[in-house]
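Tertiary structure, described
Listed below, chain by chain, are the residues.
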Amino acid sequence: MLLCIDCGNTNTVFSIWNGEDFISTWRIATDHRRTADEYYVWLSTLMTLKGIKPHISEAIISSTAPRVVFNLRVLCNRYYDCRPLVVGKPECALPVAPRVDLGTTVGPDRLVNTVAGFDRHGGDIIVVDFGTATTFDVVARDGAYIGGVIAPGVNLSLEALHMAAAALPHVDVTHPGQVIGTNTVACIQSGVYWGYIGLVEGIVRQIRAERDRPMKVIATGGLAALFDQGFDLFDAVEDDLTIHGLRLISDYNKGLSA
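Being a predicted model, the structure only gives us computed values, none of them experimental.

**Some remarks on the overall build of the protein chain**
Of the regular secondary structure elements, the protein chain holds six helices and 10 strands. Here the protein chain has a C-alpha radius of gyration of 19 Å; the compact-globule value for 258 residues is 18 Å, and the two agree. Each principal axis of the C-alpha distribution contributes one length, and for the protein chain these read about 55 × 45 × 35 Å. By the burial criterion, 47% of the 258 residues in the protein chain qualify as buried. Intrachain contacts of the protein chain at a sequence separation of at least 6 include 57% that bridge at least 24 residues. Put simply, the protein chain shows about 12,900 Å² of open surface, and 53% of that area lies on carbon and sulfur atoms. Side-chain charges in the protein chain split into 21 positive and 28 negative, and the spacing between the mean points of these groups amounts to 4 Å.

Here's what the structure looks like:
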């Protein structure tokens, strides 16, 4: 079994691949103070509840929170007797190297999404990931990550608005029934929702113009489905894109060492 760990700034996803399918996926809040022992107790309890016997022999980690990686490594070493691959580290090879400015460090999640997006949709695509940040990853015809855009995430924007303006309440993002809000909550929800629709449309349009070619748009992340309601923004919405990419990168590195 392969343990795939996708550690974001807000949540960390654990998923188990049995060689044919992902048999279960769990999510926990990202916290650098959580120890390897705590991870194991939590994860083994969930496996038991699902009736999964953990014959884990391999692991791969993608993390945008560097302080969390140490304890995730310890988890894999101590309890599953395997040395995990860590995306972005020299020992973890990619099918196609990114083509960016010399000395630039590309976020591991963006590299993983690039690999997964290319595998499922080919090249000349834009991957939009609605996470803590909203990122746009541009994938070339040969599958290389060639750059992109980083914008504040939806929930991050809501939180910043609430913190900066004491009179404004914290609200949940939702698809408003109309653009013009008739109360404070509706006004904020409309501004955030339609603002991000416009942001996605505008950035995608500019990327396509700059690349001077048609490009498919693939969305992922927790809020992707919300922004796909009744609009022609995306060619596909895929919740499991990052986990799929981790499995592909693991397989690629196994092939190199075979």
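**Topic: the packing of aromatic side chains**
Counted by the stated rule, this structure contains 10 aromatic pairs. Plain terms: the ring middles of Tyr40 and Tyr79 are 4.0 Å apart, the flat faces sit at 5 degrees to each other, and that makes the pair stacked. Within this pair, whereas Tyr40 is found in helix α1 (residues 36-50), its partner Tyr79 is found in helix α2 (residues 66-80), the two being separated by 39 residues in sequence. Judged by its relative accessible area of 27%, Tyr40 falls in the partly exposed class. Judged by centre distance (5.3 Å) and plane angle (90 degrees), the ring pair of Tyr193 and Trp194 falls under edge-to-face. An aromatic cluster is present here, built from Phe130, Tyr193, Trp194, Tyr196, Phe227 and Phe234 joined pairwise through their rings. Here the guanidinium or amino end of Arg247 rests over the ring plane of Trp17, the centre of that ring lying 4.4 Å away.

**What to know about the confidence of the model for the protein chain**
Interpretation of the predicted coordinates at a detailed level should be avoided for regions scoring low in pLDDT. For the protein chain, per-residue confidence averages 92 on the pLDDT scale, and residues scoring 70 or more make up 100% of the total. Mean pLDDT values for the elements of the protein chain range from 82 in helix α4 (residues 154-164) up to 97 in helix α3 (residues 108-121).

**Some points on the pairing of strand β3 (residues 22-29)**
By the bridge criterion, seven bridges tie strand β2 (residues 11-17) to β3 in an arrangement that is antiparallel. From the neighbouring strand, Phe14 faces β3, where its bridge partner is Trp26. Linking β2 back to β3 in an antiparallel pair, the connection comprises four residues, with Gly19 at a positive phi of about 105 degrees.

What counts and what doesn't
- Residues numbered from 1 in each chain as written.
- Predicted model: local features only at pLDDT ≥ 70, side-chain atom pairs only at ≥ 80, totals over all residues.
- Heavy atoms only, no water.
- Helix = DSSP H or I, 4+ residues; strand = E, 2+ residues; numbered from the N terminus.
- Rg over C-alpha atoms; globule rule 2.2 N^0.38 Å.
- Buried < 20%, exposed > 50% of the residue type's maximum accessible area, 1.4 Å probe, protein only.
- Contact = heavy atoms within 4.5 Å.
- Areas by Shrake-Rupley, 256 points an atom, 1.4 Å probe, with all protein chains shown as cover.
- Lys, Arg positive; Asp, Glu negative; His and termini not counted.
- Charge placed at Lys NZ, Arg CZ, Asp CG, Glu CD.
- Phe/Tyr/Trp six-rings, centres within 6.5 Å; stacked < 30°, edge-to-face > 60°.
- Lys NZ or Arg CZ within 6 Å of the ring centre and 35° of its normal.
- pLDDT = per-residue confidence, 0-100.
- Pairing = 2+ DSSP bridges.

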